[in-house]
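Fold and geometry: a report
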Amino acid sequence: VQLQASGGGLVQPGGSLRLSCAASGASGSIFTFNTMGWYRQALGEQRELVAAIIPGGSTHYTDSVKGRFTISRDNAKNTVYLQMNSLIPEDTAVYYCNARHLLTMHDYWGQGTQVTVSS
């Protein structure tokens, strides 16, 4: 499984970005057996889970992004998205796409995409 993340960039506080993560190499839909997640790692900090969506469609968000970020997926495109609104400087980080297999717990990681929130 390969994950290709895109969509990062520089945005002013209060702005929006949408990250995309395109999955390839899975047999069928990657979403059937994998929880998809977005993690982020700020400079000098540990990587943290930002949002996740399980195969059944339920979503989870870390408290700091609730009401501002939305994770979603397009089954036909094998792509997961992270819509980020009302961005604040504290959201600045490298964002990583992740797929975790339900049975094996194996993690697949995409390359990071930099998000910088600054005026």
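Above this text you will find the structure in question.
Throughout the structure, instances matching the rule amount to five salt bridges. A salt bridge links Arg100 to Asp107; its shortest N-O distance comes to 2.8 Å. By relative accessible area, Asp107 is classed as partly exposed at 25%. A single network of salt bridges, built from pairs that share partners, joins Arg40, Glu48, Arg68 and Asp91.

Within a pair of aromatic rings, the relevant descriptors are the distance that separates the centres and the angle that separates the planes. Here the structure, examined in full by the defined rule, presents two aromatic pairs. Here Tyr39 and Trp109 contribute two aromatic rings whose centre-to-centre distance is 5.0 Å and whose plane-to-plane angle is 65°, an arrangement assigned as edge-to-face. Here the residue Tyr39 occupies a position in strand E4 (residues 34-41), and Trp109 occupies one in strand E10 (residues 107-109), the gap between them amounting to 70 residues. Using a relative accessible area of 37% as the deciding quantity, one classes Trp109 as partly exposed. Cluster of aromatic residues (ring-pair linked, three or more members): Tyr39, Tyr96 and Trp109. Across the ring face of Tyr96, the terminal group of Arg47 is positioned such that the distance to the ring centre comes to 3.7 Å. Positioned above the aromatic ring of Trp109 is the side chain of Arg47, whose terminal nitrogen or guanidinium carbon lies 4.6 Å from the ring centre.

With that out of the way, let us pick up the sheet that holds strand E7 (residues 69-74). Overall, antiparallel pairing links the four strands, which are arranged E1-E3-E8-E7 in an open sheet. The outermost strands of the open sheet, each flanked by one partner alone, are strand E1 (2-6) and E7. Going from strand to strand, the sheet's axes swing by 15° on average, the running direction of each strand aside.

This part covers the nonpolar core. If you look at soluble globular proteins, the nonpolar side chains tend to sit buried side by side. Among the nonpolar cores identified, the biggest contains 28 residues, and Met36, Trp38, Val80, Leu82, Met84 and Tyr95 are the most heavily contacted of them. For this core, the secondary structure elements donating two or more residues are E1, strand E3 (17-24), E4, strand E5 (48-53), E7, strand E8 (79-84), strand E9 (93-101) and strand E11 (113-117). Look past the residues within four positions of Val80 in its chain and what remains in contact with it is Leu19, Ser20, Cys21, Phe31, Met36, Trp38, Ile53, Ile71, Ser72, Arg73 and Cys97.

The rules behind the values
- Residues numbered from 1 in each chain as written.
- Predicted model: local features only at pLDDT ≥ 70, side-chain atom pairs only at ≥ 80, totals over all residues.
- Heavy atoms only, no water.
- Salt bridge = Lys/Arg side-chain N within 4 Å of Asp/Glu carboxyl O.
- Buried < 20%, exposed > 50% of the residue type's maximum accessible area, 1.4 Å probe, protein only.
- Phe/Tyr/Trp six-rings, centres within 6.5 Å; stacked < 30°, edge-to-face > 60°.
- Helix = DSSP H or I, 4+ residues; strand = E, 2+ residues; numbered from the N terminus.
- Lys NZ or Arg CZ within 6 Å of the ring centre and 35° of its normal.
- Pairing = 2+ DSSP bridges.
- Axes fitted to C-alpha atoms, helices over the stretch in contact; angles between N-to-C directions.
- Core = buried A, V, L, I, M, F, W, Y, C linked by side-chain atoms within 4.5 Å.
- Contact = heavy atoms within 4.5 Å.

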